[in-house]
Amino acid sequence: MSTNQDFIYLSPPHMGGREQHYIQLAFDQNWITTAGANVDGFEKELATYVGMPQAAALSSGTAALHLALLALGISPGDEVFCSSFTFVASSNPIRYVGATPVLIDSEPSTWNLSPKALEQALEDRKQKGKLPKALIVVHLYGMPSRMQEILELCQHYAVPVIEDAAEALGSTYNGQQMGSFGVAGFYSFNGNKIITTSGGGALVAHDQAMVEKAKWLATQAKEPTPHYHHTTIGYNYRLSNICAGIGRGQLEVLEERIQQKRQVFANYQTLLQDIEEIQWQPEPEGFTSNRWLSCFTIKKGSGITPEKIRLALLSEQIESRPLWQPMHQQPLYQGCDYFGENVSDDLFARGLCLPSGTQLTFQQQNRVAEVIRRFFRK
Ligand SMILES: *Cc1c(COP(=O)(O)O)cnc(C)c1O
């Protein structure tokens, strides 16, 4: 990717201003590595923000999910249910631990996990006498999933829920933060997410022992001896004190970023409101998305494909992206069991993500809208 000034990127980082202050703090204290005041501060501040008792700051969201699965004791022979409509990092950690993914389709009112398909899958596994060890539910583009129905089902079948809130930091369902509903939740601070640590992630859990275990596994699972005695395979997954400093600065502007993302979405809606072929990702009553990316689908039968629009935008120096290709369509997940009615296939075929940076100007958004408008002129 070039760093052309005129190019409009999908979701570039947006510093708040205080990040350098926290980085300087790390330098002043000479805590440059994976421990220090910024890591502690970031964990506390993040946990407080999302209303959880504790958090573990980690090197990525993917690492956070890997550790959550390990902390739950998931191993080869186990099955884990996962939203099919997602980024591959939601399901790959199932494979890291040698378990078997079972993919569940979306429903139209949120584009996220379908409670109906979930129920079919749970009932099927109950009949077969072996329930999954966990469900990974993904809140895509910041939109909360239908948590009441999902939690009721998982409670009924006694299946722990892990929330992939990588894209949904600050989104809420009936006023409660995403990531705080399941036994564990995780966030990503990759460069394109709503806030960034340049690269990083965090795990949150209600059970303190689970977070402690994740931190232990993230630091090579050292036994409490001076001579590096080991009984368990560990990882090097902790976040550096420098990166955590960026995160602390970013957390201070998270609320502002959510408002800006929502404004970007509202502007697109206004700019394109007369084009009835464009259908925005819905936001049901009681659901509040951080609108990480502004996404729409094109009505069936209009003859316009998202790819045509993407290429036209690109020729105008504007980046856009198709929606995530569902995992059950991926060669990597061929042969996995899948439950659903191909709602996510249809979303993938008809959907597009527009540039959603929090520094976009209204003029730039108008530039984007003008390119799209050309396709729908009568
Ligand atoms: C970004 C993302 C992840 C992975 O986060 P990393 O920090 O990049 O490892 C997982 N799930 C979803 C839905 C994501 O968008």
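Residues numbered from 1 in each chain as written. Predicted model: local features only at pLDDT ≥ 70, side-chain atom pairs only at ≥ 80, totals over all residues. Heavy atoms only, no water.

You'll find the protein entered in an unreviewed UniProt entry as Aminotransferase class I/II-fold pyridoxal phosphate-dependent enzyme, with Nibribacter koreensis given as the organism. Quoted verbatim from the Sequence similarities (unreviewed entry) heading of the UniProt record, the comment on the protein is "Belongs to the DegT/DnrJ/EryC1 family." (UniProt positions renumbered as here; feature names shortened; annotations may be inferred.)

J.: I'd like a rundown of the nonpolar core, residues and numbers included.
T.: Across soluble globular proteins, you tend to see nonpolar side chains buried next to one another. Core analysis: the largest hydrophobic core is formed by 59 residues, its most contacted members being Ile 104, Leu 118, Leu 135, Tyr 141 and Leu 169. Of the residues forming this core, the biggest block, 5 residues, is contributed by helix H2 (residues 37–50). No fewer than three residues from each of domain 1 (19–251) and domain 2 (254–377) sit in this core. Beyond its immediate stretch of four places on either side in the chain, Leu 135 contacts Phe 81, Cys 82, Leu 113, Leu 118, Ile 150, Cys 154, Val 159, Pro 160, Val 161 and Ile 162. Counting 34 residues, the second-largest nonpolar core is a separate cluster that includes Ala 56, Leu 58, Leu 69 and Met 210. (Core = buried A, V, L, I, M, F, W, Y, C linked by side-chain atoms within 4.5 Å. Buried < 20%, exposed > 50% of the residue type's maximum accessible area, 1.4 Å probe, protein only. Helix = DSSP H or I, 4+ residues; strand = E, 2+ residues; numbered from the N terminus. Domains from an automatic or database assignment. Contact = heavy atoms within 4.5 Å.)

J.: Run through the site of the ligand, naming residues and quoting values.
T.: Residues in contact with the ligand amount to 15 residues; listed here are only the nearest, Thr 62, Asp 164, Glu 167, Ser 188 and Lys 193. When the ligand is considered free in solution it has 380 Å² of accessible area, and contact with the protein chains removes 93% of it. Tallied by class, residues from the shell around the ligand come to 4 nonpolar, 8 polar and 3 charged. (Near = heavy atom within 4 Å. Areas by Shrake-Rupley, 256 points an atom, 1.4 Å probe, with all protein chains shown as cover. Nonpolar A, V, L, I, M, F, W, Y, C, P; charged D, E, K, R; others polar.)

J.: Would you mind going over the environment of Ser 188 in detail, with residue names and values included?
T.: Summarising the element assignment, Ser 188 is placed in strand S8 (residues 184–188). Residue Ser 188 is classed as buried on the basis of its relative accessible area, which comes to 8%. Among the polar contacts made by the side chain of Ser 188, one reaches the main-chain amide nitrogen of Asn 190 at a distance of 3.1 Å. At a separation of 3.5 Å, a polar atom in the side chain of Ser 188 contacts the side chain of Lys 193. (Polar contact = N/O pair within 3.5 Å; in protein donor to acceptor, adjacent residues only side chain to side chain.)

J.: Give a description of unusual backbone geometry that names residues and reports values.
T.: Phi at Ala 158 is positive, roughly 55 degrees, even though this residue is not glycine. Turning to its location among the elements, Ala 158 is positioned in the loop between helix H6 (147–156) and strand S5 (161–164). Unusually for a residue other than glycine, Asn 342 sits at a positive phi of about 60 degrees. In this fold, Asn 342 is placed in the loop between strand S14 (338–339) and helix H11 (343–350). Owing to a relative accessible area of 39%, Asn 342 belongs among the partly exposed residues under this scheme.

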